[in-house]
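# A structural walkthrough
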Amino acid sequence: MSYCINDVIILNNFMQEEIENYGMAYILDNLTKTSKVRYDMKLNCFFDEDEMGSLSVNKENRKFIRSLKLTGDDYRLLRRAYTGGFTHANSIHVNKVFQKVHSVDFTSSYPAVLLAEKYLSSPLKELKNITQEQFYYYINKDDDFDCFFDVEFDKLVSKGQGDDIVSISKVWNITEKQKREWIDDGTLIDNNGRIKQILHPVRLSMNTIDFKCLCQFYLFSEMKILKFKYGTKSYLPKWFIEGVLYYYKLKTIYKNVKGKEVEYQAAKEKLNSIYGMLVEDLLHMDGETYDKILNEYKEEEKIEFNGKQVKINSQTIDDTRLDKIISKYNNSRNRFTFFCWGVECTSYARRNLQRGILALGSHYIYCDTDSLKFICYKEHKEFFDSYNKEITE
């Protein structure tokens, strides 16, 4: 019972501290760490503060954000292309015991790529009936253009470069029944959820970053571009970068400081929340689909899709309803981010991690989002030194 009483006392003290620091109205509107970060970043976008502490509206920032619009079809494509962090093991080392295993972390992986890389800075344009020459023109000018596309590969086979990076769950043209049948007949080799080999046409959605990574890890006999969209790219806005740096500074101030463990963890969580706010499902804006109080999709919300009763999501929702949600998103005066940025953020982070996998070769054992486990550190020190120099420059 005393344990429960202490929990209530701690919660009550925390709430009182929050009320004193922020006020009740702010707390009710910002119940999560992500929402608090969203509030701060929004202020940083829409307002400038002078030396006297007075705020003035930044019309240019608002104008820029309002220019970044999506269509319903854009959003479906982006959701198909979106993938989180890469976590997997080298299949040749599974069930083995190793001594002297080293672990290297890519420090603040997501914030680092938000600061260092370029992102979509215009609406997407569709290029229909694209030729292979046009495709590689845009793909190879990846400093100027961001590309998102649906693609079909035939006979996708792993090169055996340490790991297999394509998740079977991201293939959107095969059913679970086909998957089981192909595993049984050997035409699909499943490496713990990743494709090692598939001798049937597979359809994936990806961006330029993911495509270039795939080409490093796989061979394929044929490729067809089914849908292709592109836009111009640039570094993220100054106000956004300043926000990332602000939370990163808070994290570093408290790191390894005795007695400041709670403050460090809070700062770290807020820094990570910047990525979280970028990839929030836009369907959450629809009150008919998503319960904002319970923070979950409504259980009764199921629809007919391809002859089955399925839960509603970005791929199953009807066009009219999705277009209404996207229009609300595009025209929201409170919007200060662009969904594409979150999709690309994880792609850049996976690319950096997979560069490490390629460099480590057979010494690579396991990875998890922003860390690599491997043996023979001295043989690979040069790679990590080179990466650190590159990311800091």
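Above this note sits the structure.
### Here we look at the overall build of the chain
A count of helical and extended segments in the chain gives 14 helices and 19 strands. For the chain, the residues scored as buried account for 43% of the 393 residues in total. By element, 51% of the accessible surface of the chain is carried by carbon and sulfur atoms, the whole surface being about 21,800 Å².

### What about the packing of aromatic side chains?
Counted by the stated rule, this structure contains 27 aromatic pairs. When the centroid spacing of 5.9 Å and the interplanar angle of 70 degrees are considered together, the rings of Phe135 and Phe228 count as edge-to-face. Of this pair, Phe135 sits in helix α7 (residues 132-140) while Phe228 sits in strand β13 (residues 222-235), and the two are 93 residues apart along the sequence. Taken as a pair, Phe135 and Phe228 share a single burial class, namely buried. Here the aromatic residues Phe135, Tyr136, Tyr137, Tyr138, Phe145, Phe149, Phe211, Phe228 and Tyr230 are joined through ring pairs into a cluster of three or more. For Arg62, the ring lying beneath its charged end belongs to Phe46, and the centroid distance is 4.2 Å. Over the ring of Tyr329 we find Arg335, and its NZ or CZ is 4.5 Å from the ring centre.

### Let's talk about the side chain of Ser205
Position of Ser205 among the secondary structure elements: in strand β11 (residues 202-207). By relative accessible area, which is 7% here, Ser205 ends up buried. Polar side-chain contacts of Ser205 include one of 3.0 Å to the side chain of Arg80.

### Digging into the sheet that holds strand β3 (residues 87-89)
The antiparallel open sheet is built from 4 strands, whose spatial order is β3-β18-β19-β4. Only two strands of the sheet have a single neighbouring strand rather than two, namely β3 and β4 (102-105). Each neighbouring strand pair of the sheet contributes to a mean axis angle of 20 degrees, computed without reference to strand direction. As paired strands, β3 and strand β18 (residues 364-368) are joined by 3 bridges and run antiparallel to one another. Counterpart to Thr87 in the pairing with β18 is Asp368. Contacts from helix α13 (residues 339-360) reach β18 and β19 (371-374) within the one sheet, and its direction differs from that of β19 by about 15 degrees.

So, how was this worked out
Residues numbered from 1 in each chain as written. Predicted model: local features only at pLDDT ≥ 70, side-chain atom pairs only at ≥ 80, totals over all residues. Heavy atoms only, no water. Helix = DSSP H or I, 4+ residues; strand = E, 2+ residues; numbered from the N terminus. Buried < 20%, exposed > 50% of the residue type's maximum accessible area, 1.4 Å probe, protein only. Areas by Shrake-Rupley, 256 points an atom, 1.4 Å probe, with all protein chains shown as cover. Phe/Tyr/Trp six-rings, centres within 6.5 Å; stacked < 30°, edge-to-face > 60°. Lys NZ or Arg CZ within 6 Å of the ring centre and 35° of its normal. Polar contact = N/O pair within 3.5 Å; in protein donor to acceptor, adjacent residues only side chain to side chain. Pairing = 2+ DSSP bridges. Axes fitted to C-alpha atoms, helices over the stretch in contact; angles between N-to-C directions. Contact = heavy atoms within 4.5 Å.

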